[in-house]
Each structure stands twice: as structure tokens, then as C-alpha cells.
Amino acid sequence: MVIGGFVVQCLPEDRVTAVEDLSALEGVELYGADEQGNIVAVVEADSSDDLGEVVKKMEKVDAVLNVGMTYMNMEDEAEKIASGQSTPDVFRGRNRKRGSFEAS
Amino acid sequence: MVQSRREFLKRTAALSAASYVGMNLPFSGEDLAMAATETVWHRGSCRLCGVGCRVELGVKNGTPVALRGVSQSRTNFGYLCMKGMHFWKVMNHAERLTTPLYRAKKRDKFQPISWDKALDIAAEKFASAVKEHGNDSVAYYGSGQALTEETYFFQKLFRGGLQTNNVEGNPRLCMASAVGGYLTSFGADEPIGGYADIEKAHCFFIIGSNMAEAHPVIFRRVMRRKLDNPNVTVINADPRISLTSRIADIHLQFHPGTDLALLNSMAHVIVKEKLYDKQFLADYTVCKNGKKETVDFAEYEKFLAEYTPEMAAKTMGGKVTPDQIREVARKFATSKGTLSFWTMGLNQRKQGVWANNLVHNLHILTGQLLKEGADSLSLTGQPNACGGVREGGGLCHILPGHRLVEKEPLRNQVEEAWGVPKGRIPPKPGYHTMAMFTALNEKKIKAMWINCTSPVQSLPNCNLYNKGMAQDDTFIVCTDIFPTLTTELAANLILPTAFHFEKTGVYGCTERRSQITRKAIDPPKGAKPEVWIIREWGKMLAAKLKDPVIAQCIKPFEGLEEGYALPKAIWDEYSQKLTKGRDNDLRGATYEVLEQMYDGVQWPAPTKEFALTGGTVKKFVRGMDPMADSHGKNDKPYQFYGPAHPDNKLWVWLRPQADPEEIPDAEYPFYLSTGRIIDHWHTMSMTGRVKELLRANPYSYIEVNPTDAKRMGIKPGDMVEITSRRGTNVMPAKVYEGPIEGMVFAYWHDQHPDRMINKVTKDAYDPGSKEPEFKICACKIKRVSGPKALKPYIV
Ligand code: SF4
């Protein structure tokens, strides 16, 4: 489970449409919106990859100018990073095995 | 009330976001009772860019699990960009280096060795180089990402201990021209104002900077200002239309390298239409045509005569109209506060210092300086280029506290502070970066320490210098947290270091602001903070060279615990002894004070009381800057006490339009420029290991203007070969109305040998600042095939 906090920005006059469109997205929960066009949103997703996908969808909403992240919690994933399960799939220059850089 | 953990986290997330925009939610932080027992929050700075955003790292059971912005911080008010939000994921990464690795020859395989053995080898190699080849056969090459304590301590040991000024760092590649510009125009390095001017500005002049991607959180503030006040004007001047241009009212697009004509032409309009501030000019300025040659204003006017808007528009390539130049000049001069921003587009140029001077000229002429909302503000690339390297003595010609190496009384002050004999620091500046790597090619450097940077990828025309680094004639130590192309190609010895939040120290960002990050978790077993490494290495060096002065350099730090007490003692020495009375006086910014502040202290801050107010928001202004009062020469409101201008004046420079080193010709018909992308940091050794960031931009591509693409038969995604007189790359094309016709643009992060654009860039450099011209060279392009499936590449 990954949870992110966001301030989404839209033009003040677009607030109502932006709120409607954002609320329709799965995983997005809105906590408030003000007259300057600031919208407080929380996104919950299974993984940080999924969170990224939701952010992309938010960015694509017509009335949205900017999606600003302010908070991220991903305690389940922290373990995966440490164990190497969350390492990106890349091509390695020396084709070295993991561990060749670590103490024997 | 019973809350599920999930609900609790969501509410925490909502509260954090709401606090940034001052929104009230129907629940408060106190309701979230679980907070205290679970996650412990540690305040510090973001590790990545020069904006200096303040963050809090959430640690649970010794493991980092969350990050949030600090809403009380005057740098970011809580906002973070995506890469900042993710930087902490490298901390517990499985690929962290955790043991010293050694190989005698650079073609050998690395073998793990103990710390004792590693430090002994490092000491032996440096000691024997000094004994056999002299003091200048050793060198340090550091980073604008090292903590101030680290840069300061390294340079102390090299200058005071090993008696060489071969102390350099990668800020030479990004900030040196800005330093040169500030010193020659204002008499003192670093900006007069800061970010606080954004919310007061009425006109933004953004030139040679894609701040939307390179400084996203500052850009957000500019955008907010513009959205809240539609009358605010944003002018963007750049050969490439970028994400930054989105908020621009006027975009001036021109051929790379012709902006000196633009800036002079704006001055031409300002002078011709008498939009300058006559009283300000009379009180505070002189005109200069060379350091020693002062000329009068009429002479300056004569110099500007040829830069008519018509002439400039033509020089710039014809996309800008003379009337646009007039309009921009008028807006710049007459707004209630004009704030300029630039970065590498001006700095990484053969005329880098001149370009900086010409922006400063516009501010000086119009008096758009020293008042609210007005400043000439160079954005820094790295988080501690200003603090550690510019202020802490990290370049070959400067000692800590903005002191020039070549001035004997200043050297003596440093020697006295260190308790080393007078004359210990050599009088000659060391090699600047390009000279240092040239010396390596010529086998003049026998032992080199590379800290926290990867020159194999980041030097211009890197093929040439990589030959020298790969030779076995120079023993190279690298201190880093991950393998890089430099550890792979060049290192004999790799020493694994502690990362941000695994050690304590200070970063100084763009706006003269020093901010502390305290150790929050232990480094991975086997990794050590640099300050410990330097001290232990220094002890062995002293023994091997039988030199009590080297021992003296580390004596004040003997026996101190490395996570906090050691860096604190180093900071105390630096701030109390070396910045005392200097223009970057940091005596008030003790650890104790810095730890109390959400966002640190802006220098000068000579006393604790003053530092606790946040320090100096505007330099040189009586009543705001304590040094303007203590160093004032008369009763005028502005006092330019900077060390480089004995006349205490601002200097308006006569700097002509001049071509870049290489311009397109029949054989190499395109301009090539390079830059950053939002998701990645420098050579990607960190951001390439965070999957969210890597996936967002897995490899570099070349941006080609649609008109050029059509002419060359290039379609989106096609593989394109980019060749200069120095090297070749092959990467996918992005056909995009970004670069001006006749220009292509590539990102420089990619580590893959085919896509390492610095093989293609040019190593000509500014004669004053010695900063290379990464931003402009000539190349040819050719479609080689249709789209190909590529895999990202991290060494
Ligand atoms: S803008 Fe820079 S300092 Fe701020 S969060 Fe992003 S990378 Fe970090």
C-alpha cells in the first residue's frame, strides 16, 4: 500500500469541473478545494508504480495545471528496495552479478 | 476514535497537503494519535538540486519509509518535486557500496579489502607521489553535492597538509561563470536577493534556464505568482521552447550564442529611451571596459549604438522582431520589480562571464536591484555548490571565506586559523578542472581523489579525458555510494560512503542559505562518512610523510564521533574562524542555531541573534544586512562592501556580442545543446536506480525540430546518429517544436556508451571562469534506422 498527498492546482474558474473530473478517478480521494484553485487530494495505490499511473491520469485532466506532491508513505515498499526486489530492470555494463561489489 | 492504519496514513497525507495551502480540514494533527509511536520525522534538505527544499524523512524501526515537505520552510513551503520525493529510496538500496574495493591495475577486477588496508594504500600512493613527483602531482576533484564540512576538510588537508592548490570540483562545470559574473559586476559572489523576491516580482526575465524541469519547486512559486497576479509578465529567452515557456507571455527564440546581442540591445533601448535610473547610476556605479579601464557613460552609450533592435533581431536569427526586443526592454525597465533567473544556458559558455555581466548590466542600469521583487538571481544546479565549493574553498583559486589564493595576507589568515606555519599554503592557484584532466592525460598527476562525482560521464569531450583517467599512470580513489562510470573506468580504489541523512552536515543553496541535515539513520554496515575517511587517511599520511603539519591539520578533530561531533567541530572551525569578518560571515549560524531553524540561515549572519531571524534577506542594504552597516563607507542606503571592488561600486561592463567556439558550417550544420530532464539527476547513478524515476525517462533522446526532421526524413522514434568533431551518439528522435530550426537538443544523464552526449560536446572554455561550453557546439545528424527497442543502462 502506497499513499500520497497532493495539492492539485487549477484555475479558480475551473475548480468545479476539476473537482468533478478528479473525483471520478479510481484511487483518488479529495479532501477540500479553495477559491484560489487549490485542491487537496490523497491517492491510494497498491504500489508506487500504480501511484505513478494515477498521477499521470490526474495530470491529464483538462482543468488541471499542476499536480504537486507533498507527502509519500510506502513502508511496505521500503523492504523491497532493501532486498533488491524493487530494483529497476536495466542492462548492466559489465554483466556483473549482484554481489560482486559487496563484501565477501 | 478507532482508526485503521490506512485511514490514519490518508489523513496524514491530506493534512500535509492542506497545510501548504492553508486549508482547514475537519480533523487535525492531534487526532492522529498513532503518529507519535510509529514514524519518527527527521528534518533536513533534499539531497538533489540547488533549490534547497526542506524535507522530513520518516523513519520507522531504523528504516526510511516516508518523506514530506516542510511547510514552514521559506525555500519550498512544503512542496517537493517527484525526484525529490523519491531520493531517499537509494538509502537502503541493495546496490549500495558497502566495502572498500581495490585493484592495482585498472583492467583488473576489484577485490574487497578492509578499511585499514584501503586507507593505507590511499595514504601510501599519495605520499609516494608527493615524495617522488612533488606536491602538485596530487589532486582532489570534488563535488557541489558534498557537504560543506567534507569539502572544507578535504581542501584543508590538500592545501595545508599536502601543500597543493590542486583542489577542484564539478561546480567549475556549472557555476564558475556565475561566480565570475557576480564578482566582476557586483564585487562579491552570490546573489543580492533571493527567493523571497518571487512573490514580490512584477516581471520575470528567464534566460538560458529550463527551470520548470531543473528547479521545479522554484518554478512552481513563479507560476503561482503569475496565476495569482495575471498582470505579472513572464519573459522567456531561450533557443529552445521548453516546459518553462508554458507560462511565458513572451518567448524570444534565437540561435544559440546570440544572446549577448539581445542583452546589449535591451540595454540600447533602455539607454536610448532614458529608462535607466539616473540617480542610482550616479550614486553607485561606474562603467568598465576591462578591469583597469574605467569609461564614462557616454562611452558606454557609444558602445551600445550598434546594438539596435534591428541589428540584434537579425543576429539572433530572425525569429524575434525588433519590436519584441523593445517591448521586453521596456517591461524589464519599468516594472515595479524585475527578477531575472538563469542557469547553465548562460554559464556553460565560452562567453559565460560576459553573458552574466550583461544580465547584471540591465539590473544595474534600471535600478532593478536591492528593492523588493527585483534581483539578478543565478540559480544553482547542485545542492551545495554555493555553500561547500564557492564558500568553503573548493576551487583551485579560492580559499575558504571567498579568499583568493594569490593574495598573501589572505593565505596567512587561513594559515593562522589552522595553526600551520606561515607560507605553508602555496601561492599559486592549482589546476582548474579542464587543466587538471589535461594534466592527467599528460601523466603529470600521479594520485587523484574523486569525491561524489563522475567525470568520466560529466566532462565535455569526455573521450579525450577518459583516456587519461583509464591510464595506470594515475592512481585514483573514488568515494561514492554506488558504482559509476568513473568507479568502473578510472578507480583503483573505491571507498563506500554514507549518504545524506546517514551523516550530518550543511548544504548552502542558491540564495546564500545554509541548512543542516542531521544524521537520522546509520549508514549501511561498511559505509563511512567522508569526514571520518579524510581524518583517518590524514593520520596515515602524516605518519608516512613524517610531517607534523599534516597531523596539525587534523588535530582539532581527533577522537570525535563521526556522525555528529566530528562534522560539528569542522563546521565550528570553518564558520567561526574562516568566515569571521568575510562577506559570507556565518558565525551566527552554529549547528545549534541551524537545528532550530526550519530552513536555515542566509549569510551574512555574524551573530546568533541575527541568524535566528533567518539572516540577511538582501545583501548590501543598510538595515537589512548587518555588514552594510558595519562595513559602510558613507551614509547612503546601499553599501557595496564586496571583496573584489575596492571602489565599492557596481560595474557596468562593455561586453560585445561574440561567437561561441564552434558554429555550424557545411560539414556540421546543426547546433547541439544539452540539458536536464525533470526526473533525473546528473549522471543517474542515483535516480537511475529508483524505478519510478527510471521508468519515467529510461533513456536519452534527441529533440529535433519538425521542419528539420521533415527535411532529413526523420520520424518520431527513429534512431538518429549525432556526430561532432569529437564523438558520436545514436539515440531515438523526439520530433518536437522545442529547439529552434537548425538546432538539436539532448539530455546528458544517460550512461549508455551510445547515448553519452558528452562524447559529442565541446571542451572549449571561458577564459575567465574556465567553465566549458557544454551548451553549444556544431554537429551533424543522420537517420540510421527506424525505432528500436532500447533498454535503460546503469553501470
Ligand atoms: S526542486 Fe530540487 S531540492 Fe526541491 S525537491 Fe526537487 S530536487 Fe529536491
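What you see is a predicted model, and the numbers here were worked out from it, not measured in a lab.

Participant: Honestly, the overall build of chain B in this entry has me stumped. Any pointers?
Facilitator: A count of helices and strands for chain B gives 29 helices and 30 strands. A compact globule built from 795 residues would reach a C-alpha radius of gyration of about 28 Å, and chain B, at 26 Å, matches this within 12%. By principal-axis analysis of the C-alpha atoms, chain B measures approximately 75 × 70 × 70 Å. Residue pairs in contact within chain B that sit at least 24 positions apart in sequence constitute 73% of those at least 6 positions apart. In the form shown here, chain B has an accessible surface area of approximately 25200 Å², with 52% of it arising from carbon and sulfur atoms. Averaging the positions of the 104 positive and the 87 negative side-chain charges in chain B gives two centres separated by 2 Å.

Participant: Looking at this structure, how should I read the interface of chain A and chain B?
Facilitator: Contacts between the two partners involve 51 residues from chain A and, on the opposite side, 63 residues from chain B. The partner of Asp 49 of chain A in a salt bridge is Arg 695 of chain B, with the nearest N and O atoms 2.8 Å apart. Seen at the junction of chain A and chain B, the total is eleven residue pairs in polar contact (both at pLDDT 80 or more). Elements represented by at least two residues in the side of chain A that touches chain B include exactly strand E1 (2-10), strand E2 (28-33), strand E3 (38-45), helix H2 (48-60), strand E4 (64-73), helix H3 (75-83) and strand E5 (91-92) of chain A.

Participant: What's the story with the site of the ligand in this structure? I'm lost.
Facilitator: Around the ligand, the surrounding shell consists of Cys 46, Leu 48, Cys 49, Val 51, Gly 52, Cys 53, Leu 80, Cys 81, Lys 83, Gly 84, Pro 216 and Val 217 of chain B. Here the shell around the ligand is composed, by residue class, of nine nonpolar, two polar and one charged.

Participant: I keep staring at the nonpolar core and nothing clicks. Help me out?
Facilitator: A general trend in soluble globular proteins is that nonpolar side chains are found buried together. Core analysis: the largest hydrophobic core is formed by 88 residues, its most contacted members being Phe 6, Val 8 and Met 58 of chain A together with Phe 87, Phe 204 and Phe 341 of chain B. Here this core takes eight residues from helix H1 (residues 5-20) of chain B, the largest share from any one element. Setting aside residues no more than four positions away along its own chain, Phe 204 of chain B makes contact with Ile 198, Val 222, Arg 225, Val 232, Thr 233, Val 234, Ile 235, Leu 339 and Phe 341 of chain B. Within the second largest apolar cluster, 66 residues are counted, among which are Leu 399, Trp 537, Leu 541 and Tyr 591 of chain B.

Participant: So what exactly am I meant to see when it comes to the confidence of the model for chain A here?
Facilitator: Interpretation of the predicted coordinates at a detailed level should be avoided for regions scoring low in pLDDT. Across chain A, the average pLDDT comes to 81, with 87% of residues at or above 70. Here residues 94-104 of chain A is a poorly scored stretch, pLDDT under 50, and it has 24 contacts once near neighbours within four places are set aside; other chains count.

Participant: Help me understand the sheet that holds strand E4 (residues 101-102) of chain B, please; the structure alone is not making it clear to me.
Facilitator: Backbone hydrogen bonds hold the strands of a sheet together, and the pairing may be parallel or antiparallel. Residues and elements named next belong to chain B. Within the open sheet, the seven strands sit side by side as E5-E4-E19-E18-E17-E6-E7. Their pairing is mixed. Every other strand in the sheet has two partners, leaving strand E5 (111-112) and strand E7 (167-169) as the edge strands with one partner each. Taken together, the two bridges between E4 and E5 define a ladder with antiparallel strand orientation. Looking across to E5, one finds that Tyr 102 is bridged to Gln 111.

Participant: What exactly am I supposed to notice about H3 of chain A here?
Facilitator: Because each turn of an α-helix spans 3.6 residues, side chains separated by three or four positions end up pointing in the same direction. Residues and elements named next belong to chain A. Buried within H3 we find Glu 75, Glu 77, Ala 78 and Ile 81. Along H3, the residues classed as buried sweep out an arc of 145° about the axis, all on the same side. Among the residues trailing H3, Gly 84 stands out with phi positive, at a value near 90°.

Participant: So what exactly am I meant to see when it comes to the domain arrangement of chain B here?
Facilitator: The figure often quoted for interface size is the accessible area lost as the parts come together. Residue and element names in this part refer to chain B. The domains assigned to chain B are domain 1 (5-90), domain 2 (185-382) and domain 3 (670-785). Taking the mean C-alpha position of each, domain 2 and domain 3 sit 27 Å from one another. Contact with domain 2, which involves 25 residues of that partner, is made by 26 residues of domain 3. Both faces considered, domain 2 and domain 3 share a buried interface measuring about 2200 Å² in area, 57% of it formed by carbon and sulfur atoms. When the buried surface of domain 2 facing domain 3 is broken down by residue, Arg 240, Gln 348 and Lys 350 rank first, second and third, together holding 31% of it. Viewed at the interface, domain 3 and domain 2 are joined by one salt bridge. Ionic pairing is found between Glu 703 and Arg 240, a salt bridge with its closest N-O pair at 2.8 Å. One can count 13 residue pairs in polar contact (both at pLDDT 80 or more) joining domain 2 with domain 3. Broken down by secondary-structure element, the contributors of at least two residues to the side of domain 2 that touches domain 3 are helix H7 (211-214), helix H14 (344-347) and helix H15 (352-366).

Participant: What am I meant to see in the pairing of E4 of chain A here?
Facilitator: Moving residue by residue along a regular strand, the side chains alternate between the two faces of the sheet. Residues and elements named next belong to chain A. Where burial is concerned, most of E4 is hidden: nine out of the ten residues are buried. Pairing geometry for E1 and E4, over eight bridges, is antiparallel. Considered in E4, the bridge of Gly 5 is made with Tyr 71.

Participant: Please clarify how the packing of helix H5 (residues 148-161) of chain B against helix H24 (residues 565-578) of chain B should be interpreted in this entry.
Facilitator: The description of two helices packed together rests on the angle between their axes and the distance between the axes. Residues and elements named next belong to chain B. Taken N-terminus to C-terminus, the directions of H5 and H24 make an angle of 75°; their axes are 9 Å apart at the nearest point. Looking at the two axes, H5 sits roughly perpendicular to H24. Within the contact between the two elements, H5 uses Thr 148, Glu 149, Tyr 152, Phe 153 and Lys 156 and H24 uses Pro 567, Ile 570, Trp 571, Glu 573, Tyr 574 and Leu 578.

Participant: Can you help me understand the state of the cysteines in this one?
Facilitator: Such a bond, covalent and formed between the sulfur atoms of two cysteines, is termed a disulfide. Residues and elements named next belong to chain B. Counted according to the given criterion, the structure contains zero disulfides over all chains. Distance from the sulfur of Cys 396, which forms no disulfide, to the nearest cysteine sulfur (Cys 174) is 15 Å. Among the cysteines around Cys 452, which has no disulfide bond, Cys 478 carries the closest sulfur, lying 11 Å off. The class of Cys 452 is buried, set by a relative accessible area of 15%.

Participant: Explain helix H9 (residues 259-272) of chain B to me, please; I cannot follow it from the model alone.
Facilitator: With 14 residues, H9 of chain B should cover 20 Å at 1.5 Å per step; its first-to-last C-alpha distance of 20 Å lies within 8% of that length. Extensive coverage of H9 of chain B is indicated by the burial of 13 of its 14 residues.

Participant: Can you help me understand the confidence of the model for chain B in this one?
Facilitator: Averaged over chain B, the pLDDT score is 95; the fraction of residues at 70 or greater is 98%. In the model output, the complex is listed with pTM 0.93 alongside ipTM 0.84.

What counts, and at which threshold
Residues numbered from 1 in each chain as written. Chains lettered and ligands numbered in written order. Predicted model: local features only at pLDDT ≥ 70, side-chain atom pairs only at ≥ 80, totals over all residues. Heavy atoms only, no water. Helix = DSSP H or I, 4+ residues; strand = E, 2+ residues; numbered from the N terminus. Rg over C-alpha atoms; globule rule 2.2 N^0.38 Å. Contact = heavy atoms within 4.5 Å. Areas by Shrake-Rupley, 256 points an atom, 1.4 Å probe, with all protein chains shown as cover. Lys, Arg positive; Asp, Glu negative; His and termini not counted. Charge placed at Lys NZ, Arg CZ, Asp CG, Glu CD. Salt bridge = Lys/Arg side-chain N within 4 Å of Asp/Glu carboxyl O. Polar contact = N/O pair within 3.5 Å; in protein donor to acceptor, adjacent residues only side chain to side chain. Near = heavy atom within 4 Å. Nonpolar A, V, L, I, M, F, W, Y, C, P; charged D, E, K, R; others polar. Core = buried A, V, L, I, M, F, W, Y, C linked by side-chain atoms within 4.5 Å. Buried < 20%, exposed > 50% of the residue type's maximum accessible area, 1.4 Å probe, protein only. pLDDT = per-residue confidence, 0-100. Pairing = 2+ DSSP bridges. Arc of directions from axis to C-beta. Domains from an automatic or database assignment. Buried area = accessible area lost by both parts, 1.4 Å probe. Axes fitted to C-alpha atoms, helices over the stretch in contact; angles between N-to-C directions. Parallel < 35°, antiparallel > 145°, perpendicular 65-115°, else oblique. Disulfide = S-S within 2.5 Å. Expected span 1.5 Å × (residues − 1).

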